[in-house]
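Secondary and tertiary structure notes
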Amino acid sequence: MGKVLNYYAGGNTARGFYSLYESNLEGLSRLFILKGGPGTGKSSLMKKLGKEWNERGYDIEYLHCSSDNESIDGMIIRSLGVGIVDGTAPHVIEPKAPGAVEEYVNLGEAWDSAALKEQKAEIQKLTAGISAAFSAAYSSFYDALIVHDEWEKIYIENMDFGKADELTNELIEKFFGGQRLEKRADIRHRYLGAATPKGAVDFVPNLTEGLNRYLIKGRPGSGKSTLLKKIAAEAEDRGFDTEVYHCGFDPHSLDMIIVRELGFAIFDSTAPHEYFPERENDEVVELYGTVINGDTDEKFAAEIADCAGRYRENMNKAIASLAKAKSLHDELEEIYKPAMDFGKVEELAGRIHAEIEKLAKK
């Protein structure tokens, strides 16, 4: 069997639904864009084909759904240059070379429109409810971000920026030395985790398998994202292919950098994706007490506790809203499922499989 890489390409964030799909679909020679309502079998179709080709020895990338823990939004077989993606809102994919590269696959061909028209009012009501729940989630995430900025400010004002630069330069020297590749770096932007209806979920163990891992420990505002951005820029400048993992809460921040050509991953190892050294080549990069004054926690204990409490409250509200959206979405799926002819969905899956087969024989 081939390897499986799990990540998110879209996230429910403090800046709304934030898509990184384009970065991961770039360079594919064939892309099937699935259209169809909830419960039409898009995720199941992609999982089925992914499993089939993985069992044939191909490496598979699964793009997970941040709004449904059991679903995927995409499947890529990078070595064949082929991908399948859910092209319905909020991750609408606009074709750049329709027919030549991208092809729409309409699962709506398999539904009974007459049966769905009878449920029109209920469908519209549930759809409006889902939209309202997502809006409420994004609003709460944004409120949490404002609090997080307050929290960060406490530590930023107690940081030694000179020491932070020294540490960054030491790590760059350690990772790269004098190494450089005479090629253009392939850069992919993704999420290692996401805020989901079941809370924070991440794929750090899967993504970092077989790599030397550097676990950054610190506090909000201790420069973790800035350090990662500088390492990513260095990797790109030196021609190394780089996976840039954004923060699922604030996509303007980074959580992890992976450079597989050099065999390392360095990531923010604090909550909600907190890990501890457990593998032979794991190493901790501690920022508190090195670039951040070691007495900051004690000096500002009351302010920090206040920020932490308000942040947690807003995050809990946001997750509750995502859970409500998921619950309404489940109701919507139950309307669509009985109206579906899944035999036709199987036919469409077979057609895609045959197209992938052609690519595999080239």
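Residues numbered from 1 in each chain as written. Predicted model: local features only at pLDDT ≥ 70, side-chain atom pairs only at ≥ 80, totals over all residues. Heavy atoms only, no water.

Section: the overall build of the chain
Of the regular secondary structure elements, the chain holds ten helices and 16 strands. In terms of C-alpha radius of gyration, the chain reaches 22 Å, essentially the compact-globule figure of 21 Å for 362 residues. Considering only C-alpha atoms, the chain reaches an extent of 70 × 50 × 35 Å along its principal axes. Across the 362 residues in the chain, those meeting the buried criterion constitute 53%. Summarising the internal contacts of the chain: among those between residues at least 6 apart in sequence, 79% fall at separations of at least 24. Surface exposure of the chain reaches about 16,800 Å², of which carbon and sulfur atoms provide 51%. Averaging the coordinates of the 44 positive side-chain charges in the chain and doing the same for the 61 negative ones gives two points 4 Å apart. (Helix = DSSP H or I, 4+ residues; strand = E, 2+ residues; numbered from the N terminus. Rg over C-alpha atoms; globule rule 2.2 N^0.38 Å. Buried < 20%, exposed > 50% of the residue type's maximum accessible area, 1.4 Å probe, protein only. Contact = heavy atoms within 4.5 Å. Areas by Shrake-Rupley, 256 points an atom, 1.4 Å probe, with all protein chains shown as cover. Lys, Arg positive; Asp, Glu negative; His and termini not counted. Charge placed at Lys NZ, Arg CZ, Asp CG, Glu CD.)

Details of the packing of helix H2 (residues 42-55) against helix H10 (residues 342-361)
Between H2 and H10, whose axes approach to 11 Å, the crossing angle comes to 35 degrees. Crossing hand, H2 versus H10: right-handed. Residue-level inspection shows Leu 45, Lys 48, Leu 49, Glu 52 and Trp 53 of H2 in contact with H10, the latter providing Val 345, Glu 346, Ala 349, Ile 352, His 353, Ile 356, Glu 357 and Ala 360. In terms of residue class, the contact of H2 with H10 is made up of eight nonpolar, one polar and four charged. (Axes fitted to C-alpha atoms, helices over the stretch in contact; angles between N-to-C directions. Left-handed = near helix turned anticlockwise from the far one by under 90°. Nonpolar A, V, L, I, M, F, W, Y, C, P; charged D, E, K, R; others polar.)

Section: the environment of Ile 319
Mapped onto the secondary structure, Ile 319 falls in helix H9 (residues 301-336). A residue is classified by how much of its surface remains accessible, and Ile 319, at 18% relative accessible area, is buried. The sequence separation of Ile 319 and Phe 141 amounts to 178 residues, and the corresponding C-alpha distance is 8.8 Å. Once you skip the residues sitting within four places of it in the chain, Ile 319 turns out to touch Phe 141, Ala 195, Thr 196, Pro 197 and Gly 199.

So, the pairing of strand E14 (residues 254-259)
Counting buried positions along E14 gives six out of six residues, so the element sits mostly inside the fold. Here four bridges tie strand E13 (residues 242-246) to E14, and the two strands are oriented antiparallel to one another. Bridging from a neighbouring strand, Tyr 245 pairs with Met 256 of E14. A loop of four residues connects E14 with strand E15 (residues 264-268), the two strands running antiparallel in sequence, and Gly 263 in this loop sits at a positive phi of about 70 degrees. (Pairing = 2+ DSSP bridges.)

Here's the deal with the pattern of salt bridges
Going through the model one piece at a time under the given rule, you end up with 30 salt bridges. Between Lys 96 and Glu 22 there is a salt bridge whose closest N-O contact spans 2.9 Å. Separated by 74 residues along the polypeptide, Lys 96 in the loop between strand E7 (82-86) and strand E8 (102-106) and Glu 22 in helix H1 (residues 21-25) bring together distant segments of the chain. Glu 22 shares its class with Lys 96; the two are exposed. Across the salt bridge formed by Glu 355 and Arg 30, the nearest N and O atoms sit 3.6 Å from each other. (Salt bridge = Lys/Arg side-chain N within 4 Å of Asp/Glu carboxyl O.)

Remarks on the packing of aromatic side chains
For the structure on display, the rule yields 13 aromatic pairs. Judged by centre distance (5.4 Å) and plane angle (70 degrees), the ring pair of Trp 53 and Tyr 58 falls under edge-to-face. Between the aromatic rings of Trp 151 and Tyr 311, the centroid separation amounts to 5.6 Å while the plane-to-plane angle is 65 degrees, which identifies the pairing as edge-to-face. Here Trp 151, found in helix H4 (residues 120-156), pairs with Tyr 311, found in helix H9; they are 160 residues apart in sequence, far enough to count as distant. There is no split in this pair, since Trp 151 and Tyr 311 are both buried. Members of the aromatic cluster, connected to one another through ring pairs, are Phe 175, Phe 176, Tyr 214, Phe 240 and Phe 264. Geometry around Trp 53 places Arg 56 over its ring, the cationic atom sitting 4.0 Å from the centre. (Phe/Tyr/Trp six-rings, centres within 6.5 Å; stacked < 30°, edge-to-face > 60°. Lys NZ or Arg CZ within 6 Å of the ring centre and 35° of its normal.)

Some thoughts on the environment of Ala 265
Within the secondary structure layout, Ala 265 lies in strand E15. Distance from Ala 265 to Arg 351, taken between C-alpha atoms, is 38 Å for residues 86 residues apart in sequence. When neighbours within four sequence positions are excluded, Ala 265 is seen to be in contact with Thr 208, Leu 211, Asn 212, Arg 213, Tyr 214, Ile 257 and Ile 258.

Concerning the packing of H4 against H9
At their nearest, the axes of H4 and H9 sit 8 Å apart, and the two run at 165 degrees to each other. Between H4 and H9, the crossing angle belongs to the class labelled roughly antiparallel. Considering the relative orientation of H4 and H9, their crossing is left-handed. Looking at the contact of H4 with H9 residue by residue, the classes come out as 26 nonpolar, seven polar and eight charged. (Parallel < 35°, antiparallel > 145°, perpendicular 65-115°, else oblique.)

Observations concerning the domain arrangement of the chain
Domain boundaries in the chain define domain 1 (4-110 + 340-360) and domain 2 (159-292). If you average the C-alpha positions of domain 1 and of domain 2, the two centres end up 28 Å apart. The contact between domain 1 and domain 2 buries some 2,100 Å² in all, and 52% of this surface belongs to carbon and sulfur atoms. Our enumeration of links across domain 1 and domain 2 arrives at three salt bridges. Residue Lys 198 is joined to Glu 70 by a salt bridge in which the shortest nitrogen-to-oxygen separation is 3.2 Å. Applying the counting rule to domain 1 against domain 2 returns 15 residue pairs in polar contact (both at pLDDT 80 or more). Mapped onto the side of domain 1 that touches domain 2, the elements with two or more residues apiece are strand E1 (4-8), strand E2 (10-13), H1 and strand E5 (60-64). Counting residues per element, the side of domain 1 that touches domain 2 draws most heavily on E1, which supplies five residues. Partitioned by chemical class, the residues of the side of domain 1 that touches domain 2 number eight nonpolar, eleven polar and six charged. (Domains from an automatic or database assignment. Buried area = accessible area lost by both parts, 1.4 Å probe. Polar contact = N/O pair within 3.5 Å; in protein donor to acceptor, adjacent residues only side chain to side chain.)

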